[in-house]
Amino acid sequence: MQKRLSNWGNYPVITSEENAFTQEDQLKRYVAAHKGIIARGNGRCYGDASLGKNNVSMLRYDKVLAFDVQQGILDVQAGVTLDQLLEIIVPNGWFLPVTPGTKYITVGGAVASDVHGKNHHVDGTFSNHVIDMDVLLADGTVMTCGPDRHTDLFQATAGGMGLTGIITRVKFTLKKISTAYIRQSQFKAANLDEVLRLFDEYKHYTYSMAWIDCLQKGDSFGRSILIVGEHATPEELNAQQRKAPLTIPPKRKLVVPFNLPSFVLNKLTVKAFNALYYAKNYKKEMHKVIPYEPFFYPLDAILHWNRGYGKAGFVQYQFVLSLDQKEGLVAIMKRISEKGWGSFLTVLKVFGPQDSLISFPMEGYTLAMDFPVRKGLFEFLDELDEIVLQYGGRLYLSKDARMQQQIFWKSYPNAQAFADIVKQYNPEARFESLQSARLLLTK
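Calculation criteria
Residues numbered from 1 in each chain as written. Predicted model: local features only at pLDDT ≥ 70, side-chain atom pairs only at ≥ 80, totals over all residues. Heavy atoms only, no water. Pairing = 2+ DSSP bridges. Helix = DSSP H or I, 4+ residues; strand = E, 2+ residues; numbered from the N terminus. Contact = heavy atoms within 4.5 Å. Axes fitted to C-alpha atoms, helices over the stretch in contact; angles between N-to-C directions. Buried < 20%, exposed > 50% of the residue type's maximum accessible area, 1.4 Å probe, protein only.

Trainee: Sorry, what's going on with the sheet that holds strand S16 (residues 285–291) here?
Mentor: As a general point, the strands of a sheet are linked pairwise by backbone hydrogen bonds and lie either parallel or antiparallel. The strand order S16-S12-S14-S13-S19-S20-S18-S21 describes an open sheet built from eight strands, whose pairing is antiparallel. Here the strands that pair on one side only, and so sit at the sheet edges, are S16 and strand S21 (394–395). Bridging between strand S18 (residues 314–322) and strand S20 (residues 364–372) involves nine bridges; their strand directions are antiparallel. Bridge pairing links Tyr-317 to Met-369 in S20. Along the sheet face, helix H10 (residues 326–339) touches strand S13 (207–212), S18, strand S19 (347–351) and S20 and points at about 15 degrees away from the line of S20.

Trainee: What is the right way to look at the pairing of strand S8 (residues 130–136) in this model?
Mentor: Remark: a regular strand shows side chains that alternate across the two faces of the sheet. Counted residue by residue, S8 has six buried out of seven residues, so it is predominantly covered. Bridging between S8 and strand S10 (residues 166–173) involves six bridges; their strand directions are antiparallel. Opposite Asp-132, over in S10, you have Lys-171 as the bridge partner. Here S8 runs beside strand S9 (residues 142–145); their pairing, made up of four bridges, is antiparallel. Within S9, the position partnered with Asp-134 by the bridge is Thr-144. Where S8 folds back onto S9 in an antiparallel hairpin, the turn is made up of five residues, including Gly-140, whose phi is positive at roughly 95 degrees.

Trainee: Where do I start with the side chain of Asp-300 in this structure?
Mentor: Within the secondary structure layout, Asp-300 lies in the loop between helix H9 (292–296) and strand S17 (302–303). Excluding anything up to four places from it in sequence, Asp-300 contacts Arg-44, Gly-101, Thr-102, Lys-103, Tyr-104 and Lys-253.

Trainee: I tried to follow unusual backbone geometry on my own but got confused; where do I start?
Mentor: Excluding glycine, residues mostly carry a negative phi; peptide bonds, for their part, are mostly trans. Backbone torsion omega between Tyr-11 and Pro-12 reads -5 degrees, so that peptide bond is classified as cis. Structurally, Pro-12 can be placed in the loop between strand S1 (2–5) and strand S2 (14–20). The backbone of Asp-114 sits at a positive phi, close to 40 degrees, despite the residue not being glycine. With respect to the helices and strands, Asp-114 occurs in the loop between helix H3 (107–112) and helix H4 (120–123). Not every positive phi belongs to a glycine, and Leu-440 is a case in point at roughly 60 degrees. Relative to the helices and strands, Leu-440 is located in the segment after helix H14 (434–438).

That is the geometry; function is a separate question.
Below is the structure:
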């Protein structure tokens, strides 16, 4: 059926076909009869990677096939969402091996984007924990692949944005926990140099990230709050929490009921928000034990928060630079500060080493920020792209809605090898998205 579709950034918005299936034979018949197909999960990627002429919604492909509670191994259909899994695995003493900043994504989307979390420097990306998975190919066959089986397909599917085929099943390992709580520490950093030093000082923590005030200049340039955490033990809980250490009480969620007017987001409101956020950490160090949800998914407590950016939508701009290219990070942040187009949500993480074909992370600094769509934005982001390229970095495909093709081909060293594998398994571009057409990956 024809639908108006967009992903989480509400940009771009397209009208296209969307169909959903519950049976593999139905899915095979559909693939055989159509071209320009792209699988779509819960629409939580930010750009146009899961938008195309014919969208296949995987949300009905949502069964848990097997759960080995002793070994911590899950076998699921690709359309099941992380929030559905957390309700099953946490009470049994397990957690996701890697999770992004929202629990409302599908497992298939986690693989296609090869998502990372606050623990990349310790645990890598989601695909590092996949045992095997099934991919429906353009010729109608279903191939099981993994780190040691049909590895070319596995490597091109992990982070490959759905271009090798439709992921239908994923088996992966979990992380053992003894409580549903996180021992969190927050450290106030006066500037960028201090927060980078703190990242290094606390790199032994499993989870780490920093919020950055990207509008500051002078001695306060890059002032930040570093947040680190570990899964709490029962001994670290208070008396009330110990009564049900693997259960957290549900909280009422806030809702943004409609698109806010575009004038709400401006330099003054962003500066005010950043000042309040920085000030609320009234001590140099703060330590507490909190449920896992506000630690991993703070924005999930506000339903439809993307409407806060207005009807025109927004783009999230995320790049990575190697650890020896700090000056590139400084150059980009200074450019943003000079422009005055700061973001409410500017997040800095440090990635560990990554050996992959097309996945986004590499050892280095990654910065993510949101920009409302406005006149002149894309030209400004083109300028930032050139700086990223100059310093040997790259952009995250799962967040991209506007990158020019030459930036992709110059910044991903394995782009041609990836394109060759895509052509091998998807020779007639049966699987194609707006993004893959824009970047000339499926033309």
